[in-house]
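# Examining the three-dimensional arrangement
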Amino acid sequence: MRKVIRNTGWMLFDKIFRQGAVFCLNIWIMRYLGPDKFGLLSYATAFVSLFLAVANLGLFGIVTRDLVKYPESRNEILGTALLLKVVGGLSVVLLAVTAIHFLRPGDTFSLYLIVIVSSGMIFQAFEVFDFWFLSQLQSKNSFWANLPGFVLIFFVKIVLVVTGAPLSAFAWAAFFEIVLAAMGFLFMYHRTTGELFKLHFSLAWAKMLLRDSFPLIFAGLMMMIYTRIDQVMLGQMTGDGSVGIYSAAAKIAEFWYVFPTMLLQSLYPGIIAAKNIDSSAYNNYLQRLFDSMAVSSWLFALPLCLFANTVITLLYGKAYAGAATVLSVYVMSGIFVMVGHVREYWVTVENITRLSLYSTSLGALVNIILNFMLIPRYGAVGAAYATLLALFIASYAINLLSQQTRHIFRMQTNAILLLPAILRLSKREVLKETKIVD
């Protein structure tokens, strides 16, 4: 527990330092670019994100799990995962460039932005070293790996705003930040282990990793579709300005996601350990995680929902006034995002990743259908409702349909009801047998 607390502390410091600084800088950048230009950049980012699952290959949970279980095989695991993710990144570039030709034929500037943004996925492969640091509860090394590039690009972006740089310059800045982070991970891994050049590809490990992560690749693809397709469809159906309004609201609503997600990442090895103790400890641990995620979600979502107009006007100005209604709807989806995250960790530990594929596929289908129905009539607000309903179904309601996941549905319900979750957390108790609280 001391190692978990220390590791979480480093992750928390990293995220507060970086996310806080980036959030403030992004407000300045968004004011500078305006809804149309910011919307185009957001469209390019969301478009590439649709293929992000191909770059990630669903390896995060799988590689971290195997590094915890087989630390003696880290050179084979990391070397194999690195090569697989590089190939995945190259595939993203090819897929994104091909797709944009069909959706926006003749739009050379959109193509240019897509090439820049998608190229960063190649260098994002080096985050496999972050998997190692996380499995060893050494997130301070990830912090130092990211810090130099982050600080340099942060000041570069300030210069870009002050000097009136074009939109493409901000895309290039984001690209080089990923490149510098990749170099930082290489340096920190070699410095801490001295075994960078011992990494090697293993066909046997490639087969095992892909076998376990294969359903997660499609699940991740579906996940990105139903969380990012709204921006792409808005751009295609109503224009880049609507994307800018929608993205401005999403930036605020999703700002806090990183903190509970970071905590879950740090506690992931503990979930594995709890499963190896007994079922009661395992279920208690899971219920505590669901409670923590739900309570933190409500505490963040309710104030933003109530004071959306004030928040948008204060941060972005009158140009983004239309984002207030979007924010009041979109922020509520965070509750289902967080309880869904806990379920995904449970799915990985249980190695029943097909469940992720089923739920995210349904969520993606629901989101696309609702976007077609709501965007033409309600614009960005319709897209926000589509995302909220899709997340409600795919992250929560679907768990009621299967005997295998019904106890997860009960845990989620116990947490979402809020008051029982607060009481359990305050008493430092967790129900030994999960049941819906009246």
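Further up the page is the structure itself.
Structural notes, computed from the coordinates.

### Examining the packing of helix 12 (residues 279-306) against helix 18 (residues 406-416)
In contact at an axis separation of 8 Å, helix 12 and helix 18 are set at 40° when each is read in the N-to-C sense. Accordingly, the angle class assigned to the pair helix 12 and helix 18 is oblique. Helix 12 and helix 18 meet at a crossing whose hand is right-handed. Taking contact as the criterion, the partners of N283, L286, Q287, F290, D291, A294 and W298 in helix 12 are, on helix 18, H407, I408, M411, Q412, N414, A415 and I416. Of the residues in the contact of helix 12 with helix 18, the class split is eight nonpolar, five polar and one charged.

### Structural notes on the packing of aromatic side chains
All told, the structure shown has 17 aromatic pairs when counted by the stated rule. Judged by centre distance (6.3 Å) and plane angle (50°), the rings of F109 and Y112 are tilted. One end of the pair is F109 and the other is Y112, both in helix 5 (residues 108-123) and three residues apart, which spans about a single turn. A connected cluster of aromatic rings, assembled from ring pairs, spans F123, W172, F175 and F176. In this arrangement the basic side chain of R104 is found over the ring face of Y43, its NZ or CZ atom lying 3.8 Å from the centre.

### Thoughts on helix 5
With 16 residues, helix 5 extends 24 Å between its outermost C-alpha atoms, agreeing within 8% with the 22 Å of an ideal straight helix rising 1.5 Å per residue. Turning to helix 5, its buried residues number three or more, namely S110, L113, I114, I116, V117, S118, S119, G120, M121 and I122.

### Let's talk about the environment of T80
Among the secondary structure elements, T80 is positioned in helix 4 (residues 74-103). The residues touching T80, leaving out its near neighbours within four places in the chain, are H200, F201, S202, W205, A206 and L209.

### Description of the packing of helix 4 against helix 5
With their axes 7 Å apart at the nearest point, helix 4 and helix 5 run at an angle of 165° to one another. In terms of orientation, helix 4 lies roughly antiparallel with respect to helix 5. As for the relative orientation of helix 4 and helix 5, their crossing is right-handed in sense. Here V86, G89, L90, V92, V93, A96, V97, I100 and H101 of helix 4 come into contact with helix 5, specifically with L111, I114, V115, S118, S119, M121 and I122. Along the lines of polarity and charge, the residues of the contact of helix 4 with helix 5 split into 12 nonpolar, four polar and no charged.

### A look at the environment of L167
With respect to the helices and strands, the residue L167 is situated in helix 8 (residues 167-193). Accessibility expressed as a relative area gives 8% for L167, which makes it buried. C-alpha of L167 to C-alpha of L33: the two residues are 134 residues apart in sequence and 7.5 Å apart in space. Dropping the residues within four chain positions of it, L167 is found in contact with L33, K37, L40, L41, F109 and L113.

### As for the pattern of salt bridges
In the structure shown here, the tally under the stated rule is six salt bridges. Across the pair D107 and R104 runs a salt bridge whose closest N-O atoms are separated by 3.8 Å. The exposure class assigned to D107 is partly exposed, which follows from its relative accessible area of 28%. Overall, R104 belongs to the buried group, its relative accessible area being 13%.

### A closer look at the environment of L78
Within the secondary structure, L78 is located in helix 4. Once the C-alpha coordinates of L78 and H200 are considered, the two residues, 122 residues apart in sequence, prove to be 7.9 Å apart. Among all residues touching L78, those that are not within four sequence positions of it are L67, V128, W132, Y189 and L199.

Thresholds applied
- Residues numbered from 1 in each chain as written.
- Predicted model: local features only at pLDDT ≥ 70, side-chain atom pairs only at ≥ 80, totals over all residues.
- Heavy atoms only, no water.
- Axes fitted to C-alpha atoms, helices over the stretch in contact; angles between N-to-C directions.
- Helix = DSSP H or I, 4+ residues; strand = E, 2+ residues; numbered from the N terminus.
- Parallel < 35°, antiparallel > 145°, perpendicular 65-115°, else oblique.
- Left-handed = near helix turned anticlockwise from the far one by under 90°.
- Contact = heavy atoms within 4.5 Å.
- Nonpolar A, V, L, I, M, F, W, Y, C, P; charged D, E, K, R; others polar.
- Phe/Tyr/Trp six-rings, centres within 6.5 Å; stacked < 30°, edge-to-face > 60°.
- Lys NZ or Arg CZ within 6 Å of the ring centre and 35° of its normal.
- Expected span 1.5 Å × (residues − 1).
- Buried < 20%, exposed > 50% of the residue type's maximum accessible area, 1.4 Å probe, protein only.
- Salt bridge = Lys/Arg side-chain N within 4 Å of Asp/Glu carboxyl O.

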